[in-house]
Amino acid sequence: MTPPDRAPSQVPHLDALRAVGALAVLTTHMAFWAGALTRNGTAGILLGRLDVGVALFFVLSGFLLSRGWLVAAAGASARPGAGHYLWKRWLRIAPLAVLTTVLALALLTQNADLTTGERVAALTLTSTFVDPGFPAGLTHFWSLAVEVHFYLLLPVLMWLACGRRGGLRVARVVGVLLAMAAVSLWWHLHGAAWATSGGDRGTAQWLPAYLGWFAAGIALALARVLLEQGRAGRVSRAAARLAAQPGACWAMAGGLLLASATPIAGPVLLAAPTEGEALTRNVVYVAVATLMVLPAALRGCDPATPVPAGSLFDALLLNPVARRLGLVSYGIFCLHLPISHAVMHVSGWTLFEVSLPLLWVVTTLLSVAAAEVAYRVVERPALRLKAVRPLRRLRRLRRLRRRPGSLSPSDGSAGSTGPDQASDTTATTGTSAR
């Protein structure tokens, strides 16, 4: 889950969607802990399917983080610097992720017997490469690991899609998106089995399985850039017309989520789905997430498709409380499982027998409060380091040492910002994807 940046948002409706994703993931985890997934029939299965919140995060990440490169390729801004982009991503993910991991490893008795290697893997978000899952209190971090791997891959994808120079070539971007979707398709049908070679390594939770979800977000970013540049074709304009009807988009998303509660999407508990079931769920989830993000991602960017002011959609997603929850949603995501472990330990409640409403209310309130504190104490101070650019500073110091009589590093120029830093806010417009 990508934590939100504190830059002025150009797509403000997306803020609240991060809160929706975080609370959906929290709810499905609490439903599992309460045993509600198997006791409540279709309603229980639907609670299990709220892990679609992960797909929502990934679509948002694809949209927000690719947009800067697409805007630059269209000639509307300077190209984001890959180094600065990665530095920002590290600052947004690492501080709170490391803190959460250290707390879970140190305080949860279930983790007492972990080896040094398993602890290092948890701290580096590589547990699924060496074991099927993450340690107790951190099992949800598999999706954070997938996000981090996407962050590392994104500059390469954008180089393939946009090239080093020249204008935005839609066919080239679409080719990259189709390739991402094809890799995801192949992985579900063949790749995971090939990678495991009969072993159990949790490869269903590796990045290739979810490239199609990120591709959907990049496709929405491409549509928005084309609409803003007046270069939209029939597909982009049709998407803008659909986006102008958020009620229809969300109704279709709800219908698809209901369909996922049938056996076609596989089991809702920890039993492994078949290749076909896993692929079906993957496709349904990306459709649900795309339909949820579409009205916000393309809202108001097409002059030919006006949107009414003061609609219920605006009232819901631009509500200050909803946007604040979106701002602290990364903390909600990171901290809710360790907090639920603590709640169960302190209360003495029994796993699979506790009341879901009670567990949900207590965990949600404590998670939101902890996330607010984490934002103020951990995340916001880290934001102040975004202007610090270690690689550029190092190169500057090396040049100064090689040039006798040059200016001292204390003149402040080593820390100045450049075009790539300014443009990087476009790559993570508003409060970035998670």
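Basis of the calculations
- Residues numbered from 1 in each chain as written.
- Predicted model: local features only at pLDDT ≥ 70, side-chain atom pairs only at ≥ 80, totals over all residues.
- Heavy atoms only, no water.
- Helix = DSSP H or I, 4+ residues; strand = E, 2+ residues; numbered from the N terminus.
- Contact = heavy atoms within 4.5 Å.
- Areas by Shrake-Rupley, 256 points an atom, 1.4 Å probe, with all protein chains shown as cover.
- 1 Å grid on protein atoms, 1.4 Å probe; cavity = no way out; pocket = protein on both sides within 12 Å on 5 of 7 lines; lining within 4 Å.
- Points joined across faces, edges and corners; volume = space filled by probe spheres on them.
- Nonpolar A, V, L, I, M, F, W, Y, C, P; charged D, E, K, R; others polar.
- Phe/Tyr/Trp six-rings, centres within 6.5 Å; stacked < 30°, edge-to-face > 60°.
- Buried < 20%, exposed > 50% of the residue type's maximum accessible area, 1.4 Å probe, protein only.
- Axes fitted to C-alpha atoms, helices over the stretch in contact; angles between N-to-C directions.
- Parallel < 35°, antiparallel > 145°, perpendicular 65-115°, else oblique.
- Left-handed = near helix turned anticlockwise from the far one by under 90°.
- Salt bridge = Lys/Arg side-chain N within 4 Å of Asp/Glu carboxyl O.

Peer 1: Help me understand the overall build of the protein chain in this model?
Peer 2: Counting secondary structure elements, the protein chain contains 19 helices and zero strands. Taking the intrachain contacts of the protein chain between residues at least 6 apart in sequence as the baseline, contacts between residues at least 24 apart amount to 78%. For the protein chain, the exposed surface amounts to about 18700 Å²; the carbon and sulfur share of it is 66%.

Peer 1: What is the right way to read the layout of surface pockets from this model?
Peer 2: The method is simple in principle: a probe with the dimensions of a water molecule rolls over the atoms, and the space it marks as empty is what remains. In this structure, the second largest pocket encloses a volume near 350 Å³. In terms of lining, the second largest pocket is formed by 14 residues, of which the most central are A219, L220, A223, V235 and A239. Looking at the lining of the second largest pocket, the elements that each hand over two or more residues are α9 (170-196), α10 (211-228), α11 (234-243) and α13 (275-297). Of the residues belonging to the lining of the second largest pocket, the class tally is twelve nonpolar, two polar and no charged.

Peer 1: Can you walk me through empty space enclosed by the protein in this structure?
Peer 2: All told, the structure shown has one cavity of 30 Å³ or more when counted by the stated rule. Roughly 50 Å³ of internal volume is contained in the largest cavity.

Peer 1: Even after reading the chapter, I still don't get the packing of aromatic side chains, so can you show me in this structure?
Peer 2: In this description, a pair of aromatic rings is defined by centroid distance and the angle of the planes. Scanning the entire structure with this criterion turns up 16 aromatic pairs. Each ring, one from F58 and one from Y210, has its centre 5.8 Å from the other, and the planes form 75°; the classification is edge-to-face. Of the two residues, F58 is situated in helix α4 (residues 52-73) and Y210 in the loop between α9 and α10; the sequence distance between them amounts to 152 residues. Pair check on accessibility: F58 and Y210 agree, each one buried. An angle of 10° between the planes, with centres 3.9 Å apart, marks the rings of F150 and F214 as stacked.

Peer 1: Could you clarify how one ought to interpret the packing of helix α1 (residues 13-34) against α13 in this entry?
Peer 2: Two numbers describe a pair of packed helices, the interaxial angle and the distance between the axes. Orientation of α1 relative to α13, taken along the N-to-C sense of each, is 155°, at an axis distance of 9 Å. On the basis of the axis angle, α1 is roughly antiparallel to α13. The crossing of α1 and α13 is right-handed. Here H13, L14, L17 and V20 of α1 come into contact with α13, specifically with M292, V293, A296 and A297.

Peer 1: Looking at this structure, how should I read the side chain of H140?
Peer 2: Within the secondary structure layout, H140 lies in the loop between α7 (127-130) and α8 (141-162). For H140, the residues in contact, after removing those within four places along its chain, are H29, F333, C334, H336, L337 and P338.

Peer 1: Quick question: what am I supposed to make of the pattern of salt bridges here?
Peer 2: Close approach of charged atoms lets side chains of opposite charge pair. As enumerated under the stated definition, the model contains eight salt bridges in all. We note a salt bridge from R92 to E379, for which the minimum N-O separation is 3.5 Å. In this pair, R92 sits in helix α5 (residues 82-107) while E379 sits in helix α17 (residues 356-383), placing the two residues 287 residues apart along the sequence. The exposure class of R92 is buried, given its relative accessible area of 2%. Judged by its relative accessible area of 2%, E379 is buried. A salt bridge links E372 to R324; its shortest N-O distance comes to 2.5 Å. Of the two residues, E372 sits in helix α17 while R324 sits in helix α15 (residues 320-327), which places them 48 residues apart along the sequence. Here the residues in one salt-bridge network are D15, R18 and R323, joined through shared partners.

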